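# A look at the structure
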Amino acid sequence: MIAAAPYLTDIFLSLAALFGLGVLHRTITSRDADDPINRRFLFGIRVTMLLFAGRALVGLTGGTGFRALILLGAALIPLAVILLAEGLLRRHAHPVVKLTVTLGTLVFAVLAFVPSGLHEAWWVWGLLVFQVAAFGAAGWMIGTRDRGSLSHAENRMAVRLGLSLVLLIPLVAADFLIVQVGLPVQVSPLAVLVLCWLAISLGRAQSGGAALVAFCVVVLAALLAGGFVSFLARFDFDAAVQAMAISLATILTATIYNDASALRAKARSLSLLRYLAEGGDDAVDFLRGLQAHPLVDGAVLVDAAALADLDGGVLVRVFAAAPVLRRASPPNLGGAEDDHIAHLFDRYAATHMILARQEPLLLIALSLPGLAASPVAEMELQAVQRMAVLLQRPE
């Protein structure tokens with residue numbers, strides 16, 4: 001094992017934690033950055049990013065000046081945790097807890113800019129006790145919460161925060177006592193990555209139990225992979241711990257990014273339904289706005305004049321049978337109806353022909369690639385068709 005391995009591993013873990021926090025920050029701000037709970041959460045994320053940015057900069061540059069960022073972030077984290085717990089549980093912390101956290105934050109924030117030689121003897125122990133006490137107070141608030149006064153989503157998020165604290169307390173303590181414990185790396189970034197996943201996975205449709213089981217499988221697979229590599233390479237204890245930490249951080253980072261991407265994809269897939277919900281009452285404006293929608297970009301409105309060369313009666317029968325025509329699965333009506341369906345698809349190079357208005361006849365022609373034509377997208381197009389027809393009907 002090279003002599004720089006512990007430092008390189010710490011840098012890697014700090015950068016992985018920064019990446020996970022950045023993905024979580026982007027996920028929250030893309031939803032509703034002004035929500036009161038989200039504002040408190042974002043404050044905690046930014047404070048934690050400050051700490052790990054300081055760690056990464058110290059490791060990459062060797063400059064001790066960046067150590068102030070680490071100390072300042074560490075001093076602000078207890079305040080961020082208590083603020084988040086208060087907002088999430090809709091209750092105030094005990095006045096003694098508030099006073100202690102406020103004074104502790106002020107003292108350690110000031111000490112972050114004092115040369116380390118003047119307070120190093122007691123600073124580590126003091127900050128460790130301060131952080132563990134704040135985490136414990138937040139955990140006590142979560143454990144004694146009035147579950148009936150909170151919604152299911154709020155209770156679910158409280159449980160996730162509690163699970164994060166269960167991991168943070170021992171791993172943060174291990175960072176402070178790294179020499180006494182004998183660990184070759186700082187392991188708190190792993191707890192932060194778990195927190196990021198727990199927060200992002202709240203938006204997934206998967207049930208909490210199934211999500212946690214899937215997550216445990218991923219973590220176990222990462223640890224087994226790191227352990228197996230260590231066995232094959234005959235690593236000593238320190239190198240094996242570093243290999244497993246790197247493996248776990250890599251898998252967690254990929255899982256966080258994948259879950260965040262899945263949330264964004266889900267939001268895009270529901271965008272047509274959102275357009276239906278937020279669209280106006282005017283049918284013409286509704287259809288024109290639909291043309292600019294990303295899922296149906298390039299859709300063409302086909303009016304009665306463009307269909308003058310076709311038999312109107314046949315078209316009425318076609319769209320009475322299938323208001324949304326799909327090239328992949330057209331209705332089998334036979335005779336002139338099948339000829340008209342094939343002609344419409346060929347003329348407009350379309351994959352879908354949608355009935356927007358019955359009298360006078362108005363169609364929507366669009367081309368939706370096969371890979372994009374998911375069941376959700378198909379259902380959204382049917383909803384659009386129904387909305388367009390309903391808007392044409394007099395009250």
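Cut-offs applied
- Residues numbered from 1 in each chain as written.
- Predicted model: local features only at pLDDT ≥ 70, side-chain atom pairs only at ≥ 80, totals over all residues.
- Heavy atoms only, no water.
- Helix = DSSP H or I, 4+ residues; strand = E, 2+ residues; numbered from the N terminus.
- Buried < 20%, exposed > 50% of the residue type's maximum accessible area, 1.4 Å probe, protein only.
- Contact = heavy atoms within 4.5 Å.
- Areas by Shrake-Rupley, 256 points an atom, 1.4 Å probe, with all protein chains shown as cover.
- Pairing = 2+ DSSP bridges.
- Axes fitted to C-alpha atoms, helices over the stretch in contact; angles between N-to-C directions.
- Parallel < 35°, antiparallel > 145°, perpendicular 65-115°, else oblique.
- Expected span 1.5 Å × (residues − 1).
- Phe/Tyr/Trp six-rings, centres within 6.5 Å; stacked < 30°, edge-to-face > 60°.

## Quick look at the overall build of the chain
A count of helices and strands for the chain gives 15 helices and four strands. Expressed as a percentage of its 395 residues, the buried residues of the chain come to 43%. In the chain, 67% of the contacts between residues at least 6 apart in sequence involve partners at least 24 apart. Accessible surface, the chain as shown: approximately 19,800 Å² in total, 67% of it carbon and sulfur.

## Here we look at the sheet that holds strand E4 (residues 362-366)
By way of backbone hydrogen bonds, the strands of a sheet pair with one another, either parallel or antiparallel. Reading across from one edge, E1-E4-E3-E2 is the order of the four strands in this open sheet, with antiparallel pairing throughout. Each edge of the sheet is formed by a strand with only one pairing partner; in this case those strands are strand E1 (300-303) and strand E2 (324-326). Across the sheet, the mean angle separating the axes of adjacent strands is 25° when strand polarity is ignored. Judged from the three bridges that link them, E2 and strand E3 (residues 352-357) form a sheet pairing that is antiparallel. Within E3, the residue paired with Arg326 across the bridge is His352. Where helix H13 (residues 312-321) meets the sheet, its contacts fall on E2, E3 and E4, and the angle it forms with E3 comes to roughly 100°. Docked against the sheet, helix H14 (residues 335-348) engages E1, E2, E3 and E4, running at close to 100° with respect to E3.

## Thoughts on the packing of helix H6 (residues 152-176) against helix H8 (residues 188-200)
Two elements in contact, H6 and H8, have axes whose closest approach is 8 Å; the angle formed by their N-to-C orientations is 170°. Between H6 and H8, the angle is such that the two are roughly antiparallel. Of the residues in H8, those in contact with Arg160, Leu163, Ser164, Leu167, Leu168, Leu171, Val172 and Asp175 of H6 are Ser188, Pro189, Ala191, Val192, Val194, Leu195, Trp197 and Leu198.

## Describing the pairing of E3
Taken across its six residues, E3 has six buried, putting it largely inside the fold. With five bridges joining them, E3 and E4 adopt antiparallel strand pairing. Within the sheet, the bridge partner assigned to Leu355 lies in E4 and is Leu363. Once E3 ends, the chain turns through four residues before running back antiparallel as E4.

## What about helix H2 (residues 36-61)?
Three- or four-residue spacings in an α-helix give side chains the same orientation, since the helix completes a turn every 3.6 residues. In this model H2 runs 37 Å from its N-terminal to its C-terminal C-alpha over 26 residues, within 8% of the 38 Å that 1.5 Å per residue would give. Following H2 by one or two positions, Gly62 has its phi on the positive side, about 75°.

## Description of the packing of aromatic side chains
Scanning the entire structure with this criterion turns up two aromatic pairs. Consider the rings of Phe19 and Tyr257, whose centres lie 6.2 Å apart with planes at 35°: the pair is tilted. With Phe19 in helix H1 (residues 5-32) and Tyr257 in helix H10 (residues 237-269), this pair connects stretches of sequence that are 238 residues apart. Overall, Tyr257 belongs to the partly exposed group, its relative accessible area being 44%. An angle of 15° between the planes, with centres 5.5 Å apart, marks the rings of Phe108 and Phe130 as stacked. Taken together, the residues span a long stretch of sequence, with Phe108 in helix H4 (residues 95-111) and Phe130 in helix H5 (residues 120-143) at a distance of 22 residues.

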